[in-house]
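Structure assessment
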Amino acid sequence: MIDISIITVNYNNRDGLEKTINSVLNQTFTNYEFIIIDGNSKDGSKELIDRNSDKISYWVSEEDSGIYNAMNKGIRKSTGNYLLFLNSGDSLHSSVSLNEVHVILNSAIDIYYGDIEYSEGGIKTKRFFPEKLTFSFFLEHSISHQASFIKKTLFDKFFYYNEDHEIISDWEFFIYAICKRNARTYKINQIITDYDTSGLSSNLANHDKMHRERAAVIEKHFPAFIDDYKNIKFLESKRGKQIMQVSKHSLLWRLLKGYLGILMLFLPKVKSKNG
């Protein structure tokens, strides 16, 4: 029986895919299956997959309707007890990452989740998730599916990823499974994945759409809390604007003080009456 299925979805990200493949093939633990779903890439990704096909359990390269459609294809092809969605560009943190997870796997737990590390501007940052996952946490945050091992039977029991959403279907699955259906979770206190920050949800330009999609999910699964969610987002938006205004005013004040300082250097000095 396969313990872990690693599902990687890719579209025109050959370099990122190579990074992901290498991190998986470098694992000391080998009782996993590796599934790659490629969206008919034209950048050499298919050729890269084909060269490594003897080490890949299943792969396909064909057009899809989006990232969640591709992830669902991977779920349907998987045979492992637990699924890890490692997108192209993401990599396992070390060569023993899977082995360290495998030794604690227990069928009584539905979702194992660990921490991530990411790099922006050459600066590495670790993101640690809480030991206890609450509804209030999910209203503003999420755990990382790139560092989560989800029991496959949960998808058949609840639902597969919602392909109508573009950004937050993994968040929808987590908040529904954990906060509504009481899925049993376990926090792995270690870095599991080096997270690639080029994804849709990491792009600030997509955050308005992300919040709209999240609001629709709250209204669907937790209708009693939709007003609370909207109020939280309103207050966040208002606070953000206030911070921007303060920052703007502070900048203007610093510029004004600088200008006055320069001006004073050129003004004639006024002599005192005793001077």
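Residues numbered from 1 in each chain as written. Predicted model: local features only at pLDDT ≥ 70, side-chain atom pairs only at ≥ 80, totals over all residues. Heavy atoms only, no water.

Quick word on the overall build of the chain
For clarity, the threshold we go by: Each helix is a run of DSSP H or I of at least 4 residues and each strand a run of E of at least 2, with the numbering of both proceeding from the N terminus. Buried means the residue's accessible area, taken with a 1.4 Å probe over protein chains only, is under 20% of the maximum for its type, while exposed means over 50%, and partly exposed covers the values in between.
Helix and strand counts for the chain stand at nine helices and nine strands. Counting the 275 residues in the chain, one finds 44% classified as buried.

Structural notes on the packing of helix α7 (residues 169-179) against helix α8 (residues 207-221)
Under the convention used in this document: Lines fitted to C-alpha atoms define the axes, with helix axes restricted to the stretch in contact, and inter-axis angles between N-to-C directions lie between 0 and 180 degrees. Note on angle classes: values under 35 degrees are labelled roughly parallel, values over 145 roughly antiparallel, values of 65 to 115 roughly perpendicular, and the remainder oblique. Two helices crossing with the near one rotated counterclockwise from the far one by less than a right angle form a left-handed crossing, whereas a clockwise rotation gives a right-handed crossing. In what follows, residue pairs with any heavy atoms lying within 4.5 Å of each other are defined as contacts. Here the term charged refers only to Asp, Glu, Lys and Arg, the term nonpolar to Ala, Val, Leu, Ile, Met, Phe, Trp, Tyr, Cys and Pro, and the term polar to all other amino acids, Gly among them.
Remark: α7 packs on α8, axes separated minimally by 10 Å, with the N-to-C direction vectors making an angle of 30°. The pairing of α7 with α8 is recorded here as roughly parallel in orientation. Seen from above, α7 lies across α8 with right-handed handedness. Seen from α7, the contacting residues are Trp171, Glu172, Ile175 and Tyr176; seen from α8, they are Arg214, Val217, Ile218, Lys220 and His221. Each residue belonging to the contact of α7 with α8 can be placed in one class, and the counts come to five nonpolar, one polar and three charged.

Structural notes on helix α3 (residues 67-77)
An α-helical turn contains 3.6 residues, so a residue and the one three or four places further along point in the same direction. Of all the 11 residues making up α3, eight are buried; the element is thus mostly covered by neighbouring parts of the structure. For α3, the complete set of buried residues consists of Tyr68, Asn69, Ala70, Met71, Asn72, Lys73, Gly74 and Ile75.

Thoughts on the packing of aromatic side chains
Quick note on the threshold: Centre distance within 6.5 Å is the pairing criterion for rings of Phe, Tyr and Trp, where only the six-membered ring of Trp is used; planes under 30 degrees apart are then read as stacked, over 60 as edge-to-face, and the remainder as tilted. We count a charge as sitting over a ring when the NZ of a lysine or the CZ of an arginine lies within 6 Å of the ring centre and within 35 degrees of the ring normal.
Applying the stated criterion across every chain yields a total of 16 aromatic pairs. Summarising the aromatic geometry, the rings of phenylalanine 158 and phenylalanine 173 are spaced 6.4 Å apart at their centres and angled 50° between planes, so their arrangement reads as tilted. With phenylalanine 158 in the loop between α6 (152-157) and α7 and phenylalanine 173 in helix α7, this pair connects stretches of sequence that are 15 residues apart. Members of the aromatic cluster, connected to one another through ring pairs, are Tyr68, Phe85, Phe155, Phe158, Phe159, Tyr160, Tyr161, Phe173 and Tyr176. Above the plane of the ring of phenylalanine 222 lies lysine 180, whose end atom (NZ or CZ) is 5.7 Å from the centre.

Describing the side chain of lysine 187
What counts here: Here a polar contact is taken to be a pair of N or O atoms separated by no more than 3.5 Å, where protein atoms must pair a possible hydrogen donor with a possible acceptor and residues adjacent in sequence count only if both atoms sit in side chains.
Mapped onto the fold, lysine 187 is located in strand β9 (residues 185-195). At 3.2 Å, the side chain of lysine 187 forms a polar contact with the side chain of aspartate 115. A polar side-chain atom of lysine 187 sits 3.3 Å from a polar atom in the side chain of asparagine 189. Residue contacts for lysine 187: discarding those within four places in its chain leaves Tyr113, Gly114, Asp115, Phe129, Pro130 and Glu131.

What about the pairing of strand β3 (residues 58-61)?
To keep things clear, this is the line we draw: Any two strands with at least two DSSP bridges between them are considered paired. The handedness rule is simple: strands pointing away from the viewer, and a clockwise path from the first strand over the helix to the second, make the crossover right-handed.
Relative to β3, strand β2 (residues 32-38) is paired through four bridges, and the arrangement is parallel. When the sheet's bridge partners are listed, isoleucine 36 is paired in β3 with tryptophan 59. For the crossover from β2 across helix α2 (residues 45-51) to β3, the handedness is right-handed.

Some words on unusual backbone geometry
Of note, the phi angle at asparagine 40 is positive, near 65°, even though the residue is not glycine. You can see asparagine 40 is positioned in the loop between β2 and α2. Judged by relative accessible area, which is 16%, asparagine 40 ranks as buried.

Focus on helix α1 (residues 14-25)
Heads up, the condition is: Expected helix span is taken as 1.5 Å per residue step, with the number of steps being one fewer than the number of residues. Taking the helix axis as origin, the arc is that swept by the directions to the C-beta atoms.
The terminal C-alpha atoms of α1, which comprises 12 residues, lie 16 Å apart, in line with the 16 Å expected from a rise of 1.5 Å per residue. Among the residues of α1, those classed as buried are Gly16, Leu17, Thr20, Ile21, Ser23 and Val24. Here the buried residues of α1 occupy an arc of 165° about the axis, which is enough to place them on one side. Along its buried surface, α1 packs onto β1 (4-10), β2, α2 and β5 (91-92).

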